[in-house]
Amino acid sequence: MNDCATRLNERQQEAVTAKAQNMLVIAGAGSGKTNVLVNRIAYVIKTHDVSPNNILAVTFTNKAAAEMRHRVEEILNHPITGMWIGTFHSLCHRILRQHYEAANLPKQFQILDQDDQTKLIKKIHAAMNLDEERWPAKKSQSFINKNKDNGITCDQIKSKGNPNTETLITVYRNYQAQCSISGSVDFADLIMRTYHMLASNSEIRHHYQHKFNFLLVDEFQDINNIQYMWLKLLAGADEGSNSTVMAVGDDDQSIYSWRGAEIAHIMSFSKDFPNTKTIRLEQNYRSTGTILAAANAVIENNNDRLGKSLWTEGNEGSPIYIYNSINDIDEAIFIASKIKEWKLESSSNSKIAILYRSNAQSRIIEDVLNRNQIPYRVYGGLRFFDRAEIKDALGYMKLVNNTHDNAAYERIINQPTRGIGRQTLEQIRAYANAAEVSLWQATEEVLDTEELTARATTSLRKFTDLITSLKHEAETLNVAEAATLILEQSGLIDLYRKDKKDTAQAKVENLQELLNAAESFGNNDAEATLANFLAYSILDTSATKEDQSENAIDLMTLHAAKGLEYNLVFLTGLEEGLFPHKMAMIEPNNVAEERRLCYVGITRAREKLFITHASSRRMHGKTSFQSPSRFLHEIPANLRQDIVNAAQAPRYARESYGSSNSFSSGSMSRPTSSSIGPKYKLPKETNTNPNSYFLGQRVMHAKFGEGVVINYEGDTSTGRVQIKFKGQDAKWLLASYAKLQSLD
DNA sequence: CTTGCAACACTTTTT
DNA sequence: GTGTTGCAAG
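Thresholds applied
- Residues numbered from 1 in each chain as written.
- Chains lettered and ligands numbered in written order.
- Predicted model: local features only at pLDDT ≥ 70, side-chain atom pairs only at ≥ 80, totals over all residues.
- Heavy atoms only, no water.
- Helix = DSSP H or I, 4+ residues; strand = E, 2+ residues; numbered from the N terminus.
- Polar contact = N/O pair within 3.5 Å; in protein donor to acceptor, adjacent residues only side chain to side chain.
- Contact = heavy atoms within 4.5 Å.
- Buried < 20%, exposed > 50% of the residue type's maximum accessible area, 1.4 Å probe, protein only.
- pLDDT = per-residue confidence, 0-100.
- Core = buried A, V, L, I, M, F, W, Y, C linked by side-chain atoms within 4.5 Å.
- Axes fitted to C-alpha atoms, helices over the stretch in contact; angles between N-to-C directions.
- Parallel < 35°, antiparallel > 145°, perpendicular 65-115°, else oblique.
- Left-handed = near helix turned anticlockwise from the far one by under 90°.
- Nonpolar A, V, L, I, M, F, W, Y, C, P; charged D, E, K, R; others polar.
- Salt bridge = Lys/Arg side-chain N within 4 Å of Asp/Glu carboxyl O.
- Phe/Tyr/Trp six-rings, centres within 6.5 Å; stacked < 30°, edge-to-face > 60°.
- Lys NZ or Arg CZ within 6 Å of the ring centre and 35° of its normal.

### With respect to the side chain of Arg357
By the secondary structure assignment, Arg357 is in the loop between strand E10 (352-356) and helix H14 (362-371). Side chain to side chain, Arg357 and Glu594 meet in a polar contact 2.6 Å long. Excluding its chain neighbours within four sequence positions, the residues that come into contact with Arg357 are Thr557, Leu558, His559, Leu578, Phe579, His581, Glu594 and Leu597.

So this is what it looks like as structure tokens:
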């Protein structure tokens, strides 16, 4: 028995030390799946069955990839640089960079993100004179992506004479033509193009089939058609390869069908991969018996499962607490108060998460946590690389990297403004369309025709000269140096430096953060090219900054929570229409997926689980009355304990919503359904009215720190407060946005 | 050509 | 509540 597998149970051991063969591991939540994966890799390397160079591991996120590599290296005590590990997208990107010619791509091809894709489709719709109402860009977008996820090119779709389909096919075709002109590939393309390249080029295919004889796929339940085909092709069973595949997943945790994932693949694996050994991991090492019982009870309401029931040797633990709040604010206050309680009684390193169905729900929770000075960190939402100023900066870098990148060109041609307006741009677009060339090339050719006004010509020349000289200089520089030069010379950073607004200051900081990112991307590494940095910026989905304050609460969507675990979990917004989401309620299959999402949420909790639902909630600016989620009713009564709503109506109205102890006195009964009508009016915000401040008052701001109120003006909605912060100049802040915490 | 404001639509999840 | 678009004035 190998020593790296000593702490594993019998089933896990079996998976880790199995002889080389295809394997399907059905791993329930918290069953030590990652441990098995990591140990399996370490085991095959250690026993010299496989060299790291011959291993390909696919993970769901780049973060998971980094962690897995780290843990394997920890066990082996030496680096394993030769192993390929990453997401399908990043691995395909690597292959395409290597074989761009075989894949029929320009050397500097660029990745189109979702946003770029939407913009491009809108432009194509406009060019085709399609009515925006009848043809929303999203419709074409999902048509294109769905087909690509199935490996279908525009020429392979059969319209069957349906005029709607024919229009969509034309959009797809025009879209593809534009991508080819600007040398870009979208997310789905990364995989589809790699697949088609490998399928048609036997030399390269055999190279990789030979190289990777140990393939490993995590989160197998979320794999889509083209990824499955890709894997089959690479494993090469049809061509007599002796590669083996280890697929690890949990059909009950499949939550990405909207992205083309099909659970069917986990079901058909053993048919498609010969002599598959199937191993089930059902012993759970994470949660209490009560939490597992609830999870099992909920998921049992789904049909078409492989079937699996989690169990633990641990104790039952506390019941699942259910809290029916008056509204969304009340829900957040409840959570904040429970977090405070928990922090008083438990060890400081215990992890806490607040989970929600959609990102919009985080706002109020953040607000209340701020007011209670509870540190938190939000995952997802607006990524660092999605911020406008960062996208502008990346736009310049993209254009320098590949002048034919139309999306980048459109983004930055007049940012900062340089006198190139709609008129001029329209002429260039028209030329580019007619000549079927990139905007960049069109610009050069239009300039040669000398048909533009003198003014436009001067501006355009300035622009092309700028990009050309940047391109030239960037060739001899590393990524960080090139980025610095680009930011300075483009005038982008000066645009915000000159701007005196607070928001502009933050933008300068973000741009500097981008330079830091470029710096740490690596300078000596031959792989640290501008093109690779740009790809990284698109494929990396990690949170804004790794704010590693130890005791911060994690806020994230249920999707983002997959794979994580916490001592204390708050599952929020369990209301019909929100969770399950109303978009999913039309089709039973989609409700089943929502239920799996709920299962994922419940199984994140180690010790204690709170589930909250609000009787009313403000959504999209309107208040709506909410009824409890069906999933709530699926949790057996003997496992749950309802927490009585302690809010006392008269007190409530008076109290600031930052106060947290309005819950400790639990004497009031929950409002009956009839009392839903008259709402207790919660104060919107205590300190939005500057007149509630006083001169000399000490306040705390999330970003600027401690300060003193030195002036104020205006009324409740438009008021401003002037504050002198420690070590900084006095600042005027909008009372309604400053989120000031009084220290007096 | 740029700026500022008002009206407007859009809100599921993400590689 | 938020972000984008369209329009009129500078």
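So, next bit.
### Details of helix H11 (residues 264-272)
Among all positions in H11, only His265, Ile266, Ser268 and Phe269 are buried. Of the surrounding secondary structure, the elements contacted by the buried residues of H11 are strand E1 (23-27), helix H10 (225-235) and strand E7 (244-249).

### What to know about the confidence of the model for chain A
Across chain A, the average pLDDT comes to 82, with 84% of residues at or above 70. Mean pLDDT values for the elements of chain A range from 32 in helix H27 (residues 649-654) up to 96 in strand E2 (residues 55-58). Long-range and interchain partners of residues 1-5, a stretch whose pLDDT sits below 50, account for 11 contacts in this model, where long-range means more than four residues apart.

### Digging into unusual backbone geometry
A cis amide bond links Gln415 with the next residue in sequence, Pro416, at an omega value of 0°. Inspection of the secondary structure assignment puts Pro416 in the loop between helix H16 (406-412) and helix H17 (422-435). Following Phe579, the chain continues into Pro580 via a peptide bond in cis, with omega recorded as 10°. Summarising the element assignment, Pro580 is placed in the loop between strand E13 (566-571) and helix H25 (588-602). With a phi close to 65°, Asn77 is a non-glycine residue in the positive phi region. Structurally, the position occupied by Asn77 is in the loop between helix H3 (62-76) and strand E3 (84-86). In this structure, Glu219 is a non-glycine residue whose phi angle is positive, near 50°.

### Digging into the nonpolar core
Leu56, Phe220 and Trp230 are the most contacted members of the largest nonpolar core, which totals 62 residues. With seven residues, the single largest contributor to this core is H10. In this structure, Leu394, Ala456, Ala480 and Ala517 belong to the second largest nonpolar core, which totals 51 residues.

### Observations concerning the packing of helix H4 (residues 88-98) against helix H23 (residues 530-539)
Relative orientation and spacing of two packed helices are given, respectively, by the angle between their axes and the distance between those axes. Relative to each other, H4 and H23 sit at 160°, their axes nearing to 11 Å. If you check the angle between H4 and H23, you find them roughly antiparallel. As H4 packs across H23, the resulting crossing turns out to be right-handed. Between H4 and H23, the contacting residues are His89, Ser90, His93 and Arg97 on the first element and Ala531, Asn532, Ala535 and Leu539 on the second. For the contact of H4 with H23, the per-class residue count stands at three nonpolar, four polar and one charged.

### Details of the pattern of salt bridges
With the rule as written, the count across this model stands at 34 salt bridges. With a shortest N-O distance of 2.9 Å, Lys308 and Asp252 are connected by a salt bridge. Of the two residues, Lys308 is situated in the loop between helix H12 (289-299) and strand E9 (320-327) and Asp252 in the loop between E7 and H11; the sequence distance between them amounts to 56 residues. Note on Lys308: relative accessible area 9%, which makes it buried. One salt bridge in this structure joins Arg429 and Glu410, with 2.9 Å as the shortest N-O distance. On the criterion of sequence distance, the pair formed by Arg429 in helix H17 and Glu410 in helix H16 is long-range, its members being 19 residues apart. Through salt bridges with shared partners, a single ionic network connects Lys33, Asp218, Glu219, Asp222 and Lys562.

### Details of the packing of aromatic side chains
With the rule as written, the count across this model stands at 21 aromatic pairs. Ring geometry for Phe570 and Phe610: centres 5.1 Å apart, planes at 15°, overall stacked. Of this pair, Phe570 sits in strand E13 while Phe610 is found in strand E14 (residues 605-619), placing the two residues 40 residues apart along the sequence. Here Phe570 matches Phe610 in class, with each residue buried. Taken together, the aromatic side chains of Tyr321, Tyr323, Phe334, Phe570 and Phe610 make up a single cluster linked through ring pairs. Above the ring of Tyr566, the side-chain terminus of Lys351 is found at 4.9 Å from the ring centroid. Taking NZ or CZ as reference, Lys562 lies 4.1 Å from the ring centre of Phe60, over its face.

### Re the packing of H4 against helix H8 (residues 187-200)
At a closest axis distance of 9 Å, the pairing of H4 and H8 adopts a crossing angle of 55°. In terms of their interaxial angle, H4 and H8 are classed as oblique. Here H4 and H8 pass one another in a crossing that is left-handed. Residues Phe88, His89, Cys92, His93, Ile95 and Leu96 of H4 lie in contact with H8, whose contacting residues are Phe187, Leu190, Ile191, Arg193, Thr194 and Met197. Of the residues that constitute the contact of H4 with H8, the class distribution is eight nonpolar, three polar and one charged.

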